[in-house]
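What follows is the residue order along each chain.
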Amino acid sequence: MTAFSDLLKADNHQPAHSIQIVDAKGLENWLGSQPERVRTLIAAQKFKGKAHEHAILPGEGPADWFVVAGVASREELGPWCLAKLAETLPEGAYRLAQGAPGAAMLGWLTGQYRFDRYRKDETATGARVLLTEEVARIEPTVRLAEAVALVRDLVNTPAADMGPGDLEAAAKRLAERFDAECKVTKGDSLEQGFPMIHAVGRAADKGFAPRLIELRWGDPKHPKIAIVGKGICFDSGGLDIKPSSAMRLMKKDMGGAAHALALAQLVMDARLPVRLHLLIPAAENAVSGNAFRPGDILHTRKGLTVEIGNTDAEGRLVLGDALTLAGEEVAGERRPELIIDYATLTGAARVAVGPDLPALFTNDDALAREMDAAGSAVDDPSWRLPLWDGYADMLKSDVADINNAGEGGFAGAITAALFLKRFVPDDVQWMHLDTFAWRPSSKPGRPKGGEALGLRAAFHVLAARYSHKK
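Right, let's walk through the structure included here. Bear in mind the structure is a predicted one, so any value in this text is a computation, not a measurement.

**Points about the side chain of Asp364**
Here is step 1: Note that Asp364 resides in the loop between strand E15 (359-362) and helix H13 (365-378).
Here is step 2: For the buried residue Asp364, which engages in no salt bridge, the nearest side chain bearing the opposite charge is Arg465, 5.4 Å off.
Here is step 3: Separated by 3.0 Å, the side chains of Asp364 and Gln429 make a polar contact.
Here is step 4: When sequence neighbours within four positions are dropped, the list of residues in contact with Asp364 reads Arg384 and Gln429.

Below, the structure is given as structure tokens:
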């Protein structure tokens, strides 16, 4: 795939095809200013000025042509306004006839994303390059597109090629790129220090052995933030095995880890003045003779005991140990002032808010407001659900401190978040995003498959908080 940095260029008046932007309400006025031949061609192409429509029209010279494109609102371009053009126009260079592309530059880039690792794409076309005078926006937009592509690539890759070792390799590539420290805990050290991560992953083949992957970056004197991502590389459901239909997409159960890696990349790429601690508990929830069982009682890094009500509620187990470490003072460093975790955690969240909206849980109302505003600002929304302590009784156990699965089937996303809350310090801001990490059908700039949901909004919050502290 062409590098995103080659698809967005400074406009130095180089040759390019023009893109005229119109919306449905302004189409009649625009047509009134056009010659008869343009009006005839517009009618022939049945162009109505609706969002994501376009028509190609002849220009002044024999080899010259321009594009008229429909958008929802000509006054304010959103991220996906030009994405369909980037997917369908002939290769070449383009510029807007009036105004600047602004936020629409992102969709221009992500619309040209392709996951072609496993096949030769016979329909591949050349690059569509967008020219812009907003030179200062090019690099930040490319960074966002690269982070989105990282999530998509990791999630789209099948489990055979995206096991715990592959997540480790992805983290090490980031560490090398940004001169960060990378630490991996596995084997006996994992069993002793992070017993729930070990228990969930111990049934897997030794080539897919569980591990905790950590990356540390930035000046220890700066405010500390922790980013945690669920890295279940394939989820069979364990002994409470899933039906085949529910197992089909379980390559994406490491989508939380993909988001965490991408958010860490954005933080480091922007050189935000923070001390970053990235944690990825990586494991495969497999079935074998030594798989953990319903009714087992697991010890945890925090010292709590957990009764296993369902082996298919394994994501919260690995996150519990990672969140405990995230909230500790380690090697003389202070505790974080903010913890963010991503996880493809519950089907209940999808029932509640569907595939596009991550369910947001947080122990801080101000942080919830920041995420809501950020989601609106960058068109990356989430939806807050309550950390309703009244449901904590659903996780009671007769023989352990807590059960990992609530009884009765009610409030599954909430009880999962309440489980995680037990492993987060009360005085640390915490945000949990229960994300689908998958797009079941294509939209302009957002193909079917792995998807970053709640990533850009979270980075917007972090950039707003910490950029001014440089």
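**Brief notes about the packing of aromatic side chains**
Each aromatic ring pair is described using two quantities: the centre-to-centre distance and the angle formed by the ring planes.
Here is step 1: One pass over the full model with this rule turns up four aromatic pairs.
Here is step 2: Judged by centre distance (5.3 Å) and plane angle (45 degrees), the rings of Phe419 and Phe423 are tilted. Pair check on accessibility: Phe419 and Phe423 agree, each one buried.
Here is step 3: Joined through ring pairs, the aromatic side chains of Trp65, Tyr94 and Trp108 make up one cluster.
Here is step 4: A cation over an aromatic ring shows up here: Arg152 above the ring of Tyr113, its NZ or CZ 5.2 Å from the ring centre.

**Describing the state of the cysteines**
Here is step 1: Inspection of the entire model under this criterion finds zero disulfides.
Here is step 2: For Cys182, which is in no disulfide, the shortest distance to another cysteine sulfur is to Cys233 and amounts to 14 Å.

**Side note on the layout of surface pockets**
Here the idea is plain: a probe the size of a water molecule rolls over the atoms and shows the empty space left.
Here is step 1: Space inside the largest pocket adds up to approximately 600 Å³.
Here is step 2: Contributing elements (two or more residues each) for the lining of the largest pocket: helix H9 (244-247), helix H11 (315-326), helix H12 (347-353) and helix H14 (412-421).
Here is step 3: Here the element with the most residues in the lining of the largest pocket is H12; it accounts for three residues.
Here is step 4: The class makeup of the residues in the lining of the largest pocket is nine nonpolar, eleven polar and twelve charged.
Here is step 5: Put simply, the second largest pocket is a space of about 470 Å³.

**Here's the deal with the pairing of strand E4 (residues 65-70)**
Here is step 1: Among the six residues that make up E4, six are buried, leaving the element largely enclosed by the rest of the structure.
Here is step 2: Alternating positions in E4 separate into two faces, Trp65, Val67 and Ala69 on one and Phe66, Val68 and Gly70 on the other, with burial throughout.
Here is step 3: Where strand E2 (residues 17-22) and E4 come together, four bridges link them in parallel fashion. Residue Gln20 lies in a different strand from E4, and its bridge partner there is Val68.

**Re the nonpolar core**
Here is step 1: Ranked by size, the top nonpolar core spans 60 residues in total, and within it Leu167 and Leu261 carry the most contacts.
Here is step 2: Looking at this core element by element, the count peaks at ten residues for helix H10 (residues 255-269).
Here is step 3: Those residues within four positions of Leu167 in sequence are excluded, and the remaining contacts are Met162, Ile213, Gly231, Cys233, Met254, Ala257, Leu261, Ile280 and Ala282.
Here is step 4: By size, the runner-up hydrophobic cluster in this structure holds 47 residues, among which are Met196, Val200, Val330 and Phe423.

**Focus: the pattern of salt bridges**
Here is step 1: In the structure shown here, the tally under the stated rule is 31 salt bridges.
Here is step 2: Across the salt bridge formed by Arg143 and Asp269, the nearest N and O atoms sit 3.9 Å from each other. Of this pair, Arg143 sits in helix H5 (residues 135-156) while Asp269 sits in helix H10, and the two are 126 residues apart along the sequence.
Here is step 3: Each of the salt bridges in this network shares a partner with another, and the network as a whole consists of Arg152, Asp356, Arg439, Lys443 and Glu451.

**Describing the sheet that holds strand E13 (residues 305-307)**
Here is step 1: Pairing in this open sheet of three strands is mixed, and the strands run E12-E13-E17 from one edge to the other. Lying at the two open borders of the sheet, with one neighbouring strand each, are strand E12 (297-299) and strand E17 (402-403).
Here is step 2: In terms of strand pairing, E13 meets E17 through two bridges, oriented parallel. Bridge pairing in E17 links Glu307 to Asn403.

**Topic: the pairing of strand E8 (residues 211-217)**
Here is step 1: Counting buried positions along E8 gives seven out of seven residues, so the element sits mostly inside the fold.
Here is step 2: Alternating positions in E8 separate into two faces, Arg211, Ile213, Leu215 and Trp217 on one and Leu212, Glu214 and Arg216 on the other, with burial throughout.
Here is step 3: Of the pairings in the sheet, the one linking strand E7 (residues 181-186) to E8 comprises six bridges and is antiparallel in character. Within E8, the residue paired with Cys182 across the bridge is Leu215.
Here is step 4: Two strands pair when backbone bridges link them, and E8 and strand E11 (residues 275-285) are joined in this way by seven bridges, in the antiparallel orientation. Note that in E11 the partner of Leu215 across the bridge is Leu278.

**Considering the packing of H13 against helix H15 (residues 455-466)**
Here is step 1: Direction vectors running N to C along H13 and H15 enclose 115 degrees, while the axes themselves pass 8 Å from each other. The orientation of H13 relative to H15 falls into the category roughly perpendicular. Considering the relative orientation of H13 and H15, their crossing is right-handed. Counted together, Leu367, Glu370, Met371, Ala374, Gly375, Ala377 and Val378 of H13 and Arg456, Ala457, Ala458, His460, Val461 and Arg465 of H15 form the full contact between these two elements.
Here is step 2: Looking at the contact of H13 with H15 residue by residue, the classes come out as eight nonpolar, two polar and three charged.

The rules behind the values
Residues numbered from 1 in each chain as written. Predicted model: local features only at pLDDT ≥ 70, side-chain atom pairs only at ≥ 80, totals over all residues. Heavy atoms only, no water. Helix = DSSP H or I, 4+ residues; strand = E, 2+ residues; numbered from the N terminus. Buried < 20%, exposed > 50% of the residue type's maximum accessible area, 1.4 Å probe, protein only. Lys, Arg positive; Asp, Glu negative; His and termini not counted. Salt bridge = Lys/Arg side-chain N within 4 Å of Asp/Glu carboxyl O. Polar contact = N/O pair within 3.5 Å; in protein donor to acceptor, adjacent residues only side chain to side chain. Contact = heavy atoms within 4.5 Å. Phe/Tyr/Trp six-rings, centres within 6.5 Å; stacked < 30°, edge-to-face > 60°. Lys NZ or Arg CZ within 6 Å of the ring centre and 35° of its normal. Disulfide = S-S within 2.5 Å. 1 Å grid on protein atoms, 1.4 Å probe; cavity = no way out; pocket = protein on both sides within 12 Å on 5 of 7 lines; lining within 4 Å. Points joined across faces, edges and corners; volume = space filled by probe spheres on them. Nonpolar A, V, L, I, M, F, W, Y, C, P; charged D, E, K, R; others polar. Pairing = 2+ DSSP bridges. Core = buried A, V, L, I, M, F, W, Y, C linked by side-chain atoms within 4.5 Å. Axes fitted to C-alpha atoms, helices over the stretch in contact; angles between N-to-C directions. Parallel < 35°, antiparallel > 145°, perpendicular 65-115°, else oblique. Left-handed = near helix turned anticlockwise from the far one by under 90°.

Any functional reading would require information that these geometric values do not contain.
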